[in-house]
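Each chain, letter by letter, is given below.
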Amino acid sequence: MPDNAQQQRAAELRRLIDDANHRYHVLDDPALPDAEYDRLLRELGELEAADPSLQTPDSPTLRVGGVPSGKFPTVRHAVPMLSLGNAFSDGEVSEFVARIVRETGEDAPVFSVEPKFDGLAISLRYEDGLFVRGATRGDGASGEDVTANLRTVKAIPLRLRDAGGGSAGPGIPKVLEVRGEVYMPRAGFEAYNAWALAHGAKPLANPRNGAAGSLRQLDPAITAKRPLAFFAYSLGEVEGVRVPATHSGVLAWLRGLGLPVSPLVECASGLDGVLDYYRRIGEARDTLPYDIDGVVYKLDSHELQADLGFVSRAPRWAIAHKFPAQEEATIVEAIEVNVGRTGAVTPWVLMQPVHVGGVTVTRATLHNADQVARLDVRVGDSVIVRRAGDVIPEVLRVIPERRPDGTTPWGMPERCPVCGSEIVREEGEVVARCSGELVCPAQRVQGLFHFASRRAMDIEGLGERLIQALVDFDQVKSIADLYGLGVEDFVEMKRRADERDGTTPETVKSGKVATKWAENLVAAIARSRETTLERFLFALGIEHVGESTAKALAAWLGDLDRIRRTPWPLFKRVPDIGDEVARSLGHFLDQPGNQAVIDALLAAGVRIADAHPPSPKLREGLTLAQLLADCGIPKLTPLRAKQLADAFPDAATLLDQERHNFVIAGLPDDAATAFAAWLSDEANAGPLLAAAAMQAELLAALPEDEAAAGPLDGMTVVITGTLDSMGRDEAKAKLEALGAKVSGSVSKKTGFVVAGAEAGSKLARATELGVEVWDEARLLAFLGEHA
DNA sequence: CAACCTCGAGTTCA
DNA sequence: CTCGAGGTTG
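Computed from a prediction, not measured in an experiment: that's the story for all the values here.

A. Local environment of the sheet that holds strand S26 (residues 772-774). An order of S24-S23-S25-S26 is seen for the four strands of this open sheet, with the pairing classed as parallel. Looking along the sheet, the strands with just one partner apiece sit at the ends: strand S24 (741-743) and S26. For this sheet, the mean inter-axis angle between neighbouring strands, taken without regard to orientation, is 30°. Each of strand S23 (716-720), S24 and strand S25 (752-755) is contacted by helix H28 (residues 728-737), which is oriented at about 165° to S23, the strand it contacts most.

B. The arrangement of the protein's contact with DNA strand B in detail. Taken together, 28 residues lie around DNA strand B, and Thr346, Gly546, Thr549, Lys741 and Ser747 are the ones closest in. Sugar and phosphate atoms constitute 95% of the interface atoms of DNA strand B, taking the interface as everything within 4 Å of the protein. Asn338 is positioned with one of its side-chain polar atoms (N or O) 3.4 Å from a phosphate oxygen of DNA strand B. Residue Thr346 places a side-chain N or O atom 2.4 Å away from a phosphate oxygen belonging to DNA strand B. For the surface near DNA strand B, the element with the most residues is strand S16 (residues 359-365), which contributes six residues. Classifying every residue of the surface near DNA strand B gives seven nonpolar, 14 polar and seven charged.

C. Highlighting the environment of Val296. With respect to the helices and strands, the residue Val296 is situated in strand S10 (residues 292-299). On the accessibility criterion, Val296 (4% relative accessible area) is buried. C-alpha separation for the pair Val296 and Ile319, spaced 23 residues apart in sequence, amounts to 5.8 Å. Not counting chain neighbours up to four residues away, the residues in contact with Val296 comprise Leu84, Ser112, Val113, Glu114, Lys116, Ile319 and Ala320.

D. Examining the UniProt feature "binding site: NAD(+)" (unreviewed entry) in chain A more closely. Under the local residue numbering, the UniProt record ascribes the feature "binding site: NAD(+)" (unreviewed entry) to Asp34, Ala35, Glu36, Tyr37, Asp38, Ser83, Leu84, Glu114, Arg137, Glu181, Lys298 and Lys322. For Leu84, the contacting residues outside a window of four places in its chain are Val296, Pro315, Ala318 and Ala320. Tracing the backbone through its elements, the reader meets Lys322 in strand S13 (residues 318-322). Excluding anything up to four places from it in sequence, Lys322 contacts Asp38, Asn86, Ala87, Phe88, Lys116, Tyr278, Asp293 and Gly294.

E. Molecular detail of the nonpolar core. Judged by nonpolar contacts, the single largest core of 85 residues is most densely connected at Ile459, Leu462, Leu482, Phe571, Leu601, Leu628 and Phe675. The greatest single-element share of this core, amounting to six residues, is contributed by helix H18 (residues 547-557). Counting residues domain by domain, this core receives three or more from each of domain 4 (441-608) and domain 5 (616-701). Excluding residues within four positions of it along the chain, Leu628 makes contact with Ile633, Leu636, Ala641, Leu644, Leu654, Phe675 and Leu688.

F. Highlighting unusual backbone geometry. Of note in this structure, Asp128 is not a glycine but carries a positive phi near 50°. Tracing the backbone through its elements, the reader meets Asp128 in the loop between strand S4 (120-127) and strand S5 (130-136). Notably, His544 is not glycine yet its phi reads approximately 75°, a positive angle. Among the structural elements, His544 can be located in the loop between helix H17 (533-539) and H18. Assessed through its relative accessible area of 43%, His544 is described here as partly exposed.

G. Spatial organisation of the protein's contact with DNA strand C. Lining the immediate environment of DNA strand C, one finds 11 residues, of which Val430, Asp576, Gly578, Glu580 and Val581 sit closest. Among the atoms of DNA strand C lying within 4 Å of the protein, the sugar-phosphate backbone contributes 93%. At a separation of 3.4 Å, a phosphate oxygen of DNA strand C approaches a polar backbone atom of Glu580. Among the elements that make up the surface near DNA strand C, the one with the highest residue count is helix H20 (residues 579-590) (three residues). Grouping the amino acids of the surface near DNA strand C by side-chain chemistry returns five nonpolar, two polar and four charged.

H. Representation of the packing of aromatic side chains within the structure. Within this structure, the stated rule accounts for 15 aromatic pairs. Between the aromatic rings of Phe96 and Phe111, the centroid separation amounts to 6.0 Å while the plane-to-plane angle is 40°, which identifies the pairing as tilted. With a gap of 15 residues between them, Phe96 in helix H3 (residues 90-104) and Phe111 in strand S3 (residues 110-117) connect regions that are remote in the sequence. There is no split in this pair, since Phe96 and Phe111 are both buried. Between the aromatic rings of Tyr126 and Phe131, the centroid separation amounts to 5.6 Å while the plane-to-plane angle is 50°, which identifies the pairing as tilted. As far as the burial class goes, Tyr126 and Phe131 line up, both buried. One aromatic cluster is present, built from ring pairs that chain together Phe117, Tyr183, Phe231 and Tyr290.

What counts and what doesn't
- Residues numbered from 1 in each chain as written.
- Chains lettered and ligands numbered in written order.
- Predicted model: local features only at pLDDT ≥ 70, side-chain atom pairs only at ≥ 80, totals over all residues.
- Heavy atoms only, no water.
- Pairing = 2+ DSSP bridges.
- Helix = DSSP H or I, 4+ residues; strand = E, 2+ residues; numbered from the N terminus.
- Axes fitted to C-alpha atoms, helices over the stretch in contact; angles between N-to-C directions.
- Contact = heavy atoms within 4.5 Å.
- Near = heavy atom within 4 Å.
- Polar contact = N/O pair within 3.5 Å; in protein donor to acceptor, adjacent residues only side chain to side chain.
- Nonpolar A, V, L, I, M, F, W, Y, C, P; charged D, E, K, R; others polar.
- Buried < 20%, exposed > 50% of the residue type's maximum accessible area, 1.4 Å probe, protein only.
- UniProt positions renumbered as here; feature names shortened; annotations may be inferred.
- Core = buried A, V, L, I, M, F, W, Y, C linked by side-chain atoms within 4.5 Å.
- Domains from an automatic or database assignment.
- Phe/Tyr/Trp six-rings, centres within 6.5 Å; stacked < 30°, edge-to-face > 60°.

Here's what the structure looks like:
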């Protein structure tokens, strides 16, 4: 008697596989990723192999897959369509090759190797050279007659070409069944989805579903509009000719008959040969115009194939070597939240470890509460994970039929898990924020981490864990405190952090306290004292002030002391700074605590090397009219601001006026009232005077002449790919020195794109938009010329 | 005011 | 890399 647990597991697997089959083949609505399906089938196969009494007469392992939908007549395949065994690792391929070496006696058996296309397997029947019938694989023994739909696929010849007989092959046979794959090229898939989106049709989930769905259209006219293609890869029934003795010979013959055969087909010998092919195709995978999910190795000699024979319906002389899956299913263990530098609370999932695209994934971001609600992810759910853009894991969807009982929808916590402050979500905003600000240790830690980061103060060796300890043990309250720490402080912090986390430091083994890293760190902190204005402004971590905005502020205003004293409306004179960013800067500078931190940093010896006068391009914007327009005064349009400035040429005079004088100056009644009310508020009048004074100071500080224009002034440049001769940062600095603005995304405003090796989507976009592309040589030549 | 183009912020793993 | 949202422009 089989073990009871195994019996139950086998029954469960049968049910899961049947459900998946039904959804895939009958409902055209796949619920399981392929890899997951394959694994279930494999697990069931292994259980049955270990104990054959577990195999029921209806076990899914007994058929190759699929159920006729009933919409099309059924066709019996004269020669059954095979399925292939799968290998997921080099080790499994090695066993496969070893077995063939053992059983054939060949040292280095020759394989015909080809990509495994991700489409739909079909069989085409030609009689006397004429296409008479086409069918899907179905369960391998019989499939659906989709002749009318297949006739619309242009890659499928309706009549075979006579290759001239003789040397090219055996000529036109009386009966020829060709097996191959119908697939949808990526470009066609994307074009179709763009069309579907624009016309309210349901987009296709992926190219494979696109191919499968298109072939089962009842109306061939619909199929005809779908961009389908075809590759032939094997034979079924053949009558009236002698077929070539090798698989590679068959493919060459088919090609001669006018059937499309993949140009990537090759011969490879032995384990090394096939693995080399696997790696080469894997590298080219992303650049192919269609999806593949692995490669197939077939023993080339038909004679040797016959010696090896079949197991069930899978040949023992062929195997599919699959690429790592890009989608996988796993189970959600917990949903947690992170608190970022700005207090943004972002939910993420902790999952059971799962291999996706070659790495083990355990966590993925859920971005925000809306995203969680959209997906309806719950603890305990089975979810499908994908690596988006090749790197970052992403939860695609949950598998609803696998949800356990008793789950509840996830909700954003009401209080910050770190500091207990209330979590608030502003009207119309997507992000929820911890209101703790500086009280929140999480925000302090992230703020310090940002301060130390490479693009800010560039303090190497100050990692998150150490910062966490510094904050937790109260060694550091603000960023300025970093400059007061010595080697022994860091060593002590690490010791206490290790102690708390129960990690054993290596020093215990060596018996000597390691301090070299701490010395390096102290030196890095000391080095960071010497910095630039833009790095310093960026390092402060002001909301909405990133690298680019910090650079603009530094370039236009030129001096930290000046910037610290600038009233917020004046920030709008800097290009790319609008109301929101200007107010954010003002808010930051208004906090005495923030000003104290800047003072403390300067007192600790931070020096800004590149102070300079403000940009002369500011001049024309430094008027009273512009200032009034920037202050956000109710009902005061730019035109009315101009009228006021014409009538009352300075801010002090304005403050002396009565309401009716504004009417005389040309303001409508309501605007005059609103303006007078605005002025009478000390919280407005004070800053207005201060801003006017700062305008005067700026005007006085402006240099006479414009700086000489660089050769790339006003040009926006994008760098992509890897450069041989320098890092991206270095290239960026060099281009900026010549006046260019280096940006991250390509648009039609981009001057040119510098493309290094392995350039990806940005290069594609540049080509698409007709933007000029420079290779590295051209960049170097240009830099050399303008050094 | 809509349609862009950019920027900022958060993010994963080896 | 991707989202959301700020800024500019026609």
